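These are the residues of each chain, in order.
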Amino acid sequence: MIIAYTDFKSPAAYLAFRGTRELATELNVAVEWRPFRSSERAAPTRVADQTVTANHMRARAETRRALHAHYASARGLTLNWPERALASDVALGALACLGGDPEPFMTAAFNAYWIDNRDLDDPQVVQALLAQAGAVIEVFDEEGLRSALDTVQTQAEAEGVVDAPAFVVEDQLFVGREHFPWIRELLTAS
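Residues numbered from 1 in each chain as written. Predicted model: local features only at pLDDT ≥ 70, side-chain atom pairs only at ≥ 80, totals over all residues. Heavy atoms only, no water.

1. Description of the pattern of salt bridges
Pairs may arise between side chains of opposite charge once their charged atoms sit close together. Where we set the bar: Counted as salt bridges are all cases of a side-chain nitrogen of Lys or Arg within 4 Å of a carboxyl oxygen of Asp or Glu. Each helix corresponds to a stretch of at least 4 residues labelled H or I by DSSP, and each strand to a stretch of at least 2 residues labelled E; elements are numbered beginning at the N terminus. Burial here depends on accessible area, computed with a 1.4 Å probe over protein chains only, as a share of the maximum for the residue type. Under 20% is buried, over 50% is exposed, and the range in between is partly exposed.
Applying the stated criterion across every chain, the model contains seven salt bridges. With a shortest N-O distance of 3.1 Å, aspartate 89 and arginine 37 are connected by a salt bridge. With a gap of 52 residues between them, aspartate 89 in helix H3 (residues 89-97) and arginine 37 in the loop between strand S2 (31-35) and helix H2 (52-74) connect regions that are remote in the sequence. Residue aspartate 89 is classed as buried on the basis of its relative accessible area, which comes to 16%. Overall, arginine 37 belongs to the partly exposed group, its relative accessible area being 26%. Through salt bridges that share partners, Arg37, Asp89 and Asp150 make up one connected network.

2. Section: the packing of helix H1 (residues 11-27) against helix H7 (residues 180-189)
Applicable threshold: Axis lines are fitted to C-alpha atoms, over the contacting stretch for helices. Their N-to-C directions set the angle, which ranges from 0 to 180 degrees. Small angles under 35 degrees read as roughly parallel and large ones over 145 as roughly antiparallel, with 65 to 115 read as roughly perpendicular and the rest as oblique. The sense of a crossing depends on the near helix, which, turned anticlockwise from the far helix by less than a right angle, makes the crossing left-handed and, turned clockwise, makes it right-handed. Between two residues, a contact is recorded if the distance between any of their heavy atoms is within 4.5 Å. Throughout this entry, Asp, Glu, Lys and Arg are counted as charged residues, while Ala, Val, Leu, Ile, Met, Phe, Trp, Tyr, Cys and Pro are counted as nonpolar. The remaining residues, Gly among them, count as polar.
Between H1 and H7, whose axes approach to 11 Å, the crossing angle comes to 20°. The angle between the axes of H1 and H7 places the two elements in the roughly parallel class. Judged by the twist between their axes, the crossing of H1 over H7 is right-handed. Of H7, the residues touching H1 (which contributes Ala16, Gly19, Thr20, Leu23, Glu26 and Leu27) are Phe180, Ile183, Arg184, Leu187 and Thr188. Each residue belonging to the contact of H1 with H7 can be placed in one class, and the counts come to six nonpolar, three polar and two charged.

And the structure:
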């Protein structure tokens, strides 16, 4: 089994979503999807009297974006960066409360964020995505969803999760999508 922590606003989690599903299908293992609130920072803007540190931070952010865009293009994915960082807490809370197969909802949520730049912290947006995916939450209560996310977040942080995507395979924690070769090796050896 793969325990996969994800955040809809994380470009790396968006890029890892399909790869995780493909790996699980290929090796015939289950994926347990869990939400994790990551911290996405907006890229600093260039200013005339920029310090060396600020210039370095901006250059790193631009390079990360370019790298994510490259991998998205290679995977045939659209990656439209929102003008400002948007939250995803209500959608992540919904993921924590979903029963059954969460992947149709996750697909809808990732596409809503990265293609349409929809606000996944807006309860109406999330309810529409749930309906689109045919997913049901018995009682859609915004505060209850936020509380469910907080509970999963606290547990994940206690286990050492610091960012999304993160994967737990055979009690080993991997943070980042670049660890698929090691995850594959662990799963095929067991």
